[in-house]
Amino acid sequence: MSISSMTGFARLDGAADGYSWAWEVKSVNARGLDLRFRLPPGLDGLEAVARTAAGTKFSRGSLSVNLTLHRPDLPPRIDINRDVLDSVLKLVREYRGDAAPDIETLLSVRGVIEVSEQEGDDENAAERRQSAIYGDFEKLLDALGAARDEEGARLEAIVTDHLDRIDALTADAAGLASMQPEKRSERLREQIAELLGDKATVSEERLAQEVALIVARGDVREELDRLKAHVASARQLIEDGGAVGRRLDFLCQELNREANTLCSKSPDLELTRIGLDLKASIERFREQIQNVE
């Protein structure tokens, strides 16, 4: 099983008993599962069962679902919403007095004209049509799932590349010669010689104590070990697949925490540079996993 993206689009057309319809769904990333429906009048009852079906298919994502329904052999019915029209006329008279309002302007006000499909069949036919429309919605969800899986496959390659980069930088940090105690001891001797010259010397015991303190303050081995462990966990989650976006996001926070600590404890410029590169790579990784379901 591969990871799935929260981004996708699907469309499905259907027809029965002289009616035609089209389902469309657009999915983008979200913290949870957010469903928004736009259904024609008379089909509002579909929303409840459609929500249930979508909830069993997806766990995260903002889905905008739209259904259009037409019957070519019957012209649409046009009605005037007189309550809305009366309210508009009242406002016109209030602000313009006895001046005659323009009828075209009045009719262009949203809600004054209502357009709906004419009913031309019996109740049994309507139930059969709704059943067919809902059947196409389930197919639409399958199509959206396939689109999200396809996008997820591309996303998996990208996030894996970022993990490879984080892994490589962690290895570079672990291999730095400046992190070895003998190198730090040598560097400390050089610094003492530069400061004191031939005036004084420092005992080996005191030098060992200072080296121990420096090593303790700049020891980042635990941070590097945790970075490796978090990268391994992220790889396992991606391999397992499914809805792992939230757990990957948590691991990203932990990766960033270790990179920050590494930079703050860094004993030299080279390790600091690697730490900053790590932070940049982790941020790019975080940006990508925001689209993982």
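The sections below set out a description of the structure shown in this document. Please read all numbers here as calculations on a predicted model, not as lab measurements. Numbering of residues starts from 1 in each chain and follows the order in which that chain's sequence is written. Residue-level local features of this predicted model are given only where pLDDT is at least 70; pairs of side-chain atoms are given and counted only at 80 or more, and the full residue set underlies all totals for whole chains, interfaces and linings. Water and hydrogen atoms were dropped before computing side-chain values, which therefore reflect all heavy atoms in the structure.

1. Considerations on the overall build of the protein
For helices the rule is a DSSP run of H or I covering at least 4 residues; for strands it is a run of E covering at least 2, with both sets numbered from the N terminus onward. Counting its regular elements, the protein contains 9 helices and 6 strands. For the protein, the residues scored as buried account for 34% of the 293 residues in total. Of the contacts made within the protein by residues no fewer than 6 positions apart, 79% connect residues no fewer than 24 positions apart. Accessible surface for the protein amounts to roughly 17,300 Å². Of this, 50% is attributable to carbon and sulfur atoms. The rule is simple: take the accessible area with a 1.4 Å probe, protein chains only, and divide by the maximum for that residue type; under 20% is buried, over 50% is exposed, in between is partly exposed. Note on definitions: a residue-residue contact is assigned when non-hydrogen atoms from the two residues lie within 4.5 Å. Note on areas: these come from Shrake-Rupley sampling with a 1.4 Å probe, and a residue is covered only by the protein chains present in the view.

2. Overview of helix α2 (residues 82-96)
Working rule for helices: expected span equals 1.5 Å times residues minus one. Spanning 15 residues, α2 covers 20 Å between terminal C-alpha atoms, matching the ideal 21 Å at 1.5 Å per step. Among all positions in α2, only L85, V88 and V92 are buried. Across the axial projection of α2, the buried residues extend over an arc of 65 degrees, all falling on one side. The exposed set on the far side of α2, more than 90 degrees from its buried face, consists of D83, K90, R93 and E94. Polar contacts, as counted here, are pairs of nitrogen or oxygen atoms within 3.5 Å of one another; within protein the pair requires one atom able to donate a hydrogen and one able to accept it, and residues that are adjacent in sequence qualify only if both atoms are side-chain atoms. N-cap assignment for α2: the residue whose side-chain oxygen lies 3.3 Å from the backbone N of D83 is N81. Two residues or fewer past α2, G97 is found with a positive phi of approximately 70 degrees. Directions from the helix axis toward the C-beta atoms define the arc.

3. Things to note about the pairing of strand β1 (residues 8-16)
In this structure, β1 lies alongside strand β2 (residues 19-28), joined through 9 bridges in antiparallel fashion. Counterpart to R11 in the pairing with β2 is E24. Here a strand pair is declared whenever DSSP counts at least two bridges between the two strands. Linking two consecutive strands that pair antiparallel, namely β1 and β2, is a turn of 2 residues; a positive phi of about 55 degrees is found at D17 within it.

4. A word on the nonpolar core
Grouped together as the largest cluster of nonpolar side chains are 29 residues, with contacts concentrated most on I166, L248, L255, F285, I289 and V292. Secondary structure elements with two or more residues in this core: α4 (123-174), α7 (221-240), α8 (245-265) and α9 (269-289). The contact partners of V292, leaving out residues within four places of it in the chain, are I3, S4, M6, R60, L155, V244, G245 and L248. Judged by nonpolar contacts, the second largest core, of 23 residues, contains W21, F37, A50 and L69. We call a set of buried residues a nonpolar core when its members are Ala, Val, Leu, Ile, Met, Phe, Trp, Tyr or Cys and they connect through side-chain atoms within 4.5 Å of each other.

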